[in-house]
Amino acid sequence: MEQTKIITPAEQPAPKTTFGALTTIRTLMDDLHLDPILGLVAPGLGDWVTTILTVPYLITSVFTLKSLPLTLAIIYNILMDCLWGTVPVAGDFFDFLHRGFKKNCKLVEGFAAKDPKIMSEVKRKSLYFGIMIVVLIALICLSVYYVKMLWGYIIDFFLNL
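Visitor: Explain unusual backbone geometry to me, and be specific about the residues and the numbers.
Guide: In this structure, Arg 99 is a non-glycine residue whose phi angle is positive, near 50°. Inspection of the secondary structure puts Arg 99 in the loop between α6 (90–98) and α7 (100–112). Overall, the relative accessible area of 25% leaves Arg 99 in the partly exposed class. Of note in the backbone geometry, Lys 114 takes a positive phi value of approximately 55° without being a glycine. Lys 114 gets classed as exposed once you look at its relative accessible area, which sits at 53%.

Visitor: Residues and numbers for α7, please.
Guide: Compared with an ideal rise of 1.5 Å per residue, which puts 13 residues at 18 Å, α7 spans 18 Å between its outermost C-alpha atoms and is within 8% of the ideal. Taken residue by residue, α7 has Gly 100, Phe 101, Asn 104, Cys 105, Leu 107, Val 108, Gly 110 and Phe 111 as its buried positions. Positive phi appears at Lys 114, one or two residues downstream of α7, with a value of about 55°.

Visitor: Break down the environment of Met 29 for me, citing the residues and quoting the values.
Guide: Relative to the assigned elements, Met 29 resides in helix α1 (residues 16–31). Met 29 has contacts with Leu 34, Asp 35, Pro 36, Leu 38, Thr 50, Leu 53 and Phe 101, leaving out every residue within four places of it along the chain.

Visitor: How would you sum up the nonpolar core? Please name residues and give values.
Guide: In this structure, Tyr 57, Val 108 and Phe 111 are the most contacted members of the largest nonpolar core, which totals 27 residues. Only α1, α5 (68–85), α7, α8 (116–124) and α9 (126–159) provide two or more residues apiece to this core. If one sorts the elements of this core by residue count, α5 sits on top with nine residues. Residues within four places of Val 108 in sequence aside, it is in contact with Phe 19, Leu 22, Tyr 57, Thr 60, Leu 65, Leu 70 and Ile 74.

Visitor: So what's going on with the packing of aromatic side chains? Which residues, and what values?
Guide: In this structure the tally under the stated criterion is seven aromatic pairs. Ring centres of Tyr 145 and Tyr 146 lie 5.2 Å apart, and the angle between their planes is 70°; this geometry places the pair in the edge-to-face category. Overall, Tyr 146 belongs to the partly exposed group, its relative accessible area being 46%. Summarising the aromatic geometry, the rings of Phe 157 and Phe 158 are spaced 5.3 Å apart at their centres and angled 80° between planes, so their arrangement reads as edge-to-face. A single burial state applies to Phe 157 and to Phe 158, both of which are exposed. Taken together through their ring pairs, the aromatic side chains of Tyr 76, Tyr 128 and Phe 129 make up a single cluster.

The rules we used
Residues numbered from 1 in each chain as written. Predicted model: local features only at pLDDT ≥ 70, side-chain atom pairs only at ≥ 80, totals over all residues. Heavy atoms only, no water. Helix = DSSP H or I, 4+ residues; strand = E, 2+ residues; numbered from the N terminus. Buried < 20%, exposed > 50% of the residue type's maximum accessible area, 1.4 Å probe, protein only. Expected span 1.5 Å × (residues − 1). Contact = heavy atoms within 4.5 Å. Core = buried A, V, L, I, M, F, W, Y, C linked by side-chain atoms within 4.5 Å. Phe/Tyr/Trp six-rings, centres within 6.5 Å; stacked < 30°, edge-to-face > 60°.

Following this line, the structure appears as structure tokens:
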């Protein structure tokens, strides 16, 4: 008599539609460079849109793949993108090089395929990612504060002419 193996939720493969959506987002944002274009055309708004489009990567890492190290790596990539996004113009050029969506897509696909190289690297760096998340949040807050202060000086300068 043949025994049926019970598959736990963590062992179940993710639906192909999930990865299809992540790949589509990656293609639009990184391969077609919509991420930096949105940042240049609509400063601030473009950064919010690109940040919102990272939510499916987080949902997949938390609820489908159930991996804390993967989630930390994705949050780290998102915050790196956010930090550079606070720097006017230079942040948009960084988006051409950083390709955070491509990195996150590769991480998610690697974890889903149980790629030992990706899994061990992310797990090995999880403490680093956790510490850097705290540092990046602090840097983002400082950057937003200083950019806001700089804009205040610029506006005051032109109002006092």
